[in-house]
Amino acid sequence: MDWMEFALGQLSRMNPRLVALIEKRLRAVPSVKRKIESDYDGIMAELERSVKPYRDGFFAAARLPAEGRSRDEIIREMEALKQREESKWKEGFVSGAVYHGDERHIDFLNRVYAIHSQSNPLHSDVWPSAAKFESEIVAMTAAMLGGDSRTCGTVTSGGTESILLAMKTYRDWARETKGIAAPEIVAPVTAHVAFDKAAQYFRMKIVRTPIDSSCRADLSAVKRALNRNTVAIVGSAPGFPHGVIDPIPEMSELARERGIGFHTDACLGGFVLPWAERLGYPVPGFDFRLQGVTSISADTHKYGYAAKGMSVVLYRNAELRRHQYFTATDWPGGLYFSPTIAGSRPGALSAVCWAAMVTIGERGYMEATRKILETASLIKKGIAEIPELRLLGDPLWILSFASDSLDIYRVLDEMAKKKWALNGLHKPAAVHLALTLRHAQPGVAERFVEDLREAVAQVKAHPDERGGMAPVYGMAATLPLRTVVSDMLKRYIDLLYKV
Ligand SMILES: *Cc1c(COP(=O)(O)O)cnc(C)c1O
């Protein structure tokens, strides 16, 4: 073991707060700072080529072209770009990302977009159709998720915005009705990172609670985390990492007993679980049929099969929803109100979402769910037959697997060589595949299992090979200095915005 490894090992055993303090002091030393900076630069330079593959051979615009370019030429270039590497989702090589992807469905959505491309729901007087589409999207989603005549909500730009807004709503509701000035959210570690984002943006505290061996929220830990400042408890149906559904009946009951909010994050499951339940799969309670559930997020742009940029946040009643709204009465620009974070919004996306929902209908969603869950059964069986791998929890269609004998990130890399774009998870180290209709195409499940078997065999035969994502995850997992990892991620975003 070299000294660096030894030092990191020592640090990882220390109190994280103490480590953070040491790190802050260390980084203030100019020579250390310079060294870290030059290391970052080296790593980023290596990444640049893969992040920016179009530098050669395509028109690049670092400033406005003096004369506008021809529309035909632009369309030709766009098509060429798309053909290059950006269509591997079509054959089902990608986890999540494109949830429907059938060509006729896409063409239909594109036509609807074209009809409404100028619509802006901010101007509901000019485009009353936007309010029609949005109110009906909310109503259809509420009816699907056990809502009653009081259930209400708004559309948002995505799961993250739905979550941000629900948390802001609880913050403002608790301040007004309970006088809570230092609001806290209690969420299992597996709840989506958007809850951390909400806490950061809205100056709330988030208390993360552990999961049990089945990857579900540990109920007694949730109970222990509650205090007078808790404004809401969060549960996932299912959670992104392991696709496992939290014990929401029990968790929401804790919230109901204390008169606080309970948010079910059904961003992934909202448009799958109601149909899985009807198909006879074991689906524990998660929706408004549970009296303690006071809000739900459900992503129309995932398994609702709408275009990206659309989600729904629902509330048990209008009183709660009103805390989400923004109004301004003294601005020289006039009386102003908006339901969500954005001002102007793409009304076309609401029209597209409405159209997707009504053209698919109950039977379409049920059929899609049946296909996805049957594909999941095939893949789960395949994973179970690979002795080196272990499925985490007892998921329905969002699968993650780990290994006790191999570096699972090496398996991730070997799968990437075979064109698969899967996700790496950590804490614990695992690989994740969110099944969509793309994977329900004939032969995809079989190809996945076959490739996975080969990938595992390859890693087993060559355990010491380097490269790919394995060292990155390896480093992120062992590094006690979290701000170094965080800095690296920020530099990666910088790189994305580099022309
Ligand atoms: C995708 C997802 C979100 C966030 O949604 P975005 O649309 O990416 O903003 C939240 N929760 C869960 C469980 C998700 O899978």
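Residues numbered from 1 in each chain as written. Predicted model: local features only at pLDDT ≥ 70, side-chain atom pairs only at ≥ 80, totals over all residues. Heavy atoms only, no water.

(A) Representation of the overall build of the chain in the model. In terms of helices and strands, the chain carries 17 helices and 13 strands. For 499 residues, the compact-globule formula gives about 23 Å, and the C-alpha radius of gyration of the chain, at 24 Å, lands near that figure. Taken along its principal axes, the extent of the C-alpha atoms in the chain is 65 × 60 × 55 Å. Expressed as a percentage of the 499 residues in the chain, the buried residues total 47%. Partitioning the intrachain contacts of the chain with sequence separation of at least 6 by distance along the chain shows that 73% fall at a separation of at least 24. When the accessible surface of the chain is summed, it comes to about 26000 Å², and 56% of that surface belongs to carbon and sulfur atoms. Positive and negative side-chain charges in the chain, numbering 65 and 59 respectively, have mean positions lying 4 Å apart. (Helix = DSSP H or I, 4+ residues; strand = E, 2+ residues; numbered from the N terminus. Rg over C-alpha atoms; globule rule 2.2 N^0.38 Å. Buried < 20%, exposed > 50% of the residue type's maximum accessible area, 1.4 Å probe, protein only. Contact = heavy atoms within 4.5 Å. Areas by Shrake-Rupley, 256 points an atom, 1.4 Å probe, with all protein chains shown as cover. Lys, Arg positive; Asp, Glu negative; His and termini not counted. Charge placed at Lys NZ, Arg CZ, Asp CG, Glu CD.)

(B) A look at unusual backbone geometry. Of note, the bond from Ala237 into Pro238 is cis; its omega dihedral lies within 30 degrees of zero at -10 degrees. Position of Pro238 among the secondary structure elements: in the loop between β4 (230-236) and α10 (248-258). With an omega dihedral of 5 degrees, the bond running from Lys427 to Pro428 counts as a cis peptide bond. Among the secondary structure elements, Pro428 is positioned in the loop between β12 (423-425) and β13 (430-434). The phi angle at Lys427 is positive, at roughly 55 degrees, despite the residue not being glycine. Residue placement: Lys427 occurs in the loop between β12 and β13.

(C) Broad picture of the packing of aromatic side chains. Within this structure, the stated rule accounts for 14 aromatic pairs. Ring geometry for Tyr99 against Tyr303: centres 4.7 Å apart, planes inclined by 80 degrees, an arrangement best described as edge-to-face. One end of the pair, Tyr99, is in the loop between α4 (71-85) and α5 (103-115); the other, Tyr303, is in the loop between β6 (295-298) and β7 (311-315), with 204 residues separating them in the sequence. Relative accessible area serves as the criterion here: at 0%, Tyr303 is assigned to the buried category. Both rings, one in Phe271 and one in Tyr365, keep their centres 5.7 Å apart while their planes meet at 50 degrees; by these two values the pair is tilted. Taken together, the residues span a long stretch of sequence, with Phe271 in the loop between β5 (261-265) and α11 (273-278) and Tyr365 in helix α13 (residues 347-384) at a distance of 94 residues. When sorted by exposure, Phe271 lands in the same class as Tyr365, which is buried. Following the ring pairs from residue to residue traces out a cluster consisting of Tyr99, Phe271, Trp275, Tyr303, Tyr305, Tyr365 and Trp397. When the ring centre of Phe59 is taken as origin, the NZ or CZ atom of Arg69, which lies over that ring, is 3.7 Å away. The ring of Phe93 has Arg447 lying over it, and the distance from NZ or CZ to the ring centre is 4.0 Å. (Phe/Tyr/Trp six-rings, centres within 6.5 Å; stacked < 30°, edge-to-face > 60°. Lys NZ or Arg CZ within 6 Å of the ring centre and 35° of its normal.)

(D) Region of interest: the nonpolar core. Counting 91 residues, the largest nonpolar core has Ile233, Tyr303, Tyr305, Trp397, Phe448 and Leu452 as the members making the most contacts within it. Counting residues per element, this core draws most heavily on α13, at 15 residues. Residues in contact with Tyr305, not counting those within four places in the same chain, are Tyr99, His100, His105, Leu109, Thr300, Ala356, Ile360, Tyr365, Ala368, Ile372 and Leu437. The next biggest cluster of nonpolar side chains, apart from the first, holds 27 residues, and it includes Leu164, Phe195, Val234 and Tyr315. (Core = buried A, V, L, I, M, F, W, Y, C linked by side-chain atoms within 4.5 Å.)

(E) Fine view of the sheet that holds β13. Across the sheet, which stays open at both edges, the 4 strands sit in the order β10-β11-β13-β12 with antiparallel pairing between neighbours. Both outer strands of the open sheet, β10 (389-391) and β12, are each paired with one neighbouring strand and no more. Across the sheet, the axes of successive neighbouring strands diverge by a mean angle of 35 degrees, strand direction being ignored. Alignment of strand β11 (residues 398-403) against β13, held across 4 bridges, turns out to be antiparallel. (Pairing = 2+ DSSP bridges. Axes fitted to C-alpha atoms, helices over the stretch in contact; angles between N-to-C directions.)

(F) Examining the site of the ligand more closely. Among the 13 residues in the neighbourhood of the ligand, the closest are listed as Thr160, Asp265, Leu268, His301 and Lys302. Side-chain polar atom of Asp299 to an oxygen atom of the ligand: 3.4 Å apart, as the coordinates give it. Here the ligand loses 84% of its free accessible area of 370 Å² to cover by the protein chains. No other element matches the 3 residues that helix α7 (residues 159-178) contributes to the shell around the ligand. Looking at the shell around the ligand residue by residue, the class counts come to 5 nonpolar, 5 polar and 3 charged. (Near = heavy atom within 4 Å. Polar contact = N/O pair within 3.5 Å; in protein donor to acceptor, adjacent residues only side chain to side chain. Nonpolar A, V, L, I, M, F, W, Y, C, P; charged D, E, K, R; others polar.)

(G) The pairing of β5, seen in detail. The buried count for β5 comes to 5 of 5 residues, which makes it a mostly enclosed element. Residues of β5 alternate between two faces, with Gly261, His263 and Asp265 on one and Phe262 and Thr264 on the opposite face, all of them buried. Note that β4 and β5 share 5 bridges and pair parallel. Paired with Ser236 across the two strands is Asp265, which belongs to β5. Where the polypeptide runs from β4 across α10 and back to β5, its parallel neighbour, the crossover connection is right-handed. Running through α11, the crossover from β5 to the neighbouring parallel element β6 is right-handed. (Right-handed = clockwise from strand over helix to strand, strands pointing away.)

(H) Just the environment of Leu164, in detail. The residue Leu164 is located in helix α7 in this model. Along the primary structure Leu164 and Pro284 are separated by 120 residues, whereas in three dimensions their C-alpha atoms are 25 Å apart. Among residues more than four places away in sequence, those in contact with Leu164 are Ala194, Lys197, Ala198, Tyr201, Phe202 and Ile341.

(I) Spatial organisation of α7. The end-to-end C-alpha distance of α7 is 27 Å, a good match for the 28 Å that 20 residues give at a rise of 1.5 Å each. Where burial is concerned, most of α7 is hidden: 15 out of the 20 residues are buried. (Expected span 1.5 Å × (residues − 1).)

(J) Region of interest: helix α6 (residues 128-144). With 17 residues, α6 extends 25 Å between its outermost C-alpha atoms, agreeing within 8% with the 24 Å of an ideal straight helix rising 1.5 Å per residue. Of all the positions in α6, only Ala130, Phe133, Glu134, Ile137, Val138, Thr141, Ala142 and Met144 are classed as buried. Projection of α6 onto a plane perpendicular to its axis shows the buried side chains occupying an angular sector of 165 degrees, all on one side. Turning to α6, the residues buried within the fold contact β1 (152-156), α11, β6, β7 and α13. Once α6 ends, the next one or two residues include Gly146, with phi positive near 75 degrees. (Arc of directions from axis to C-beta.)

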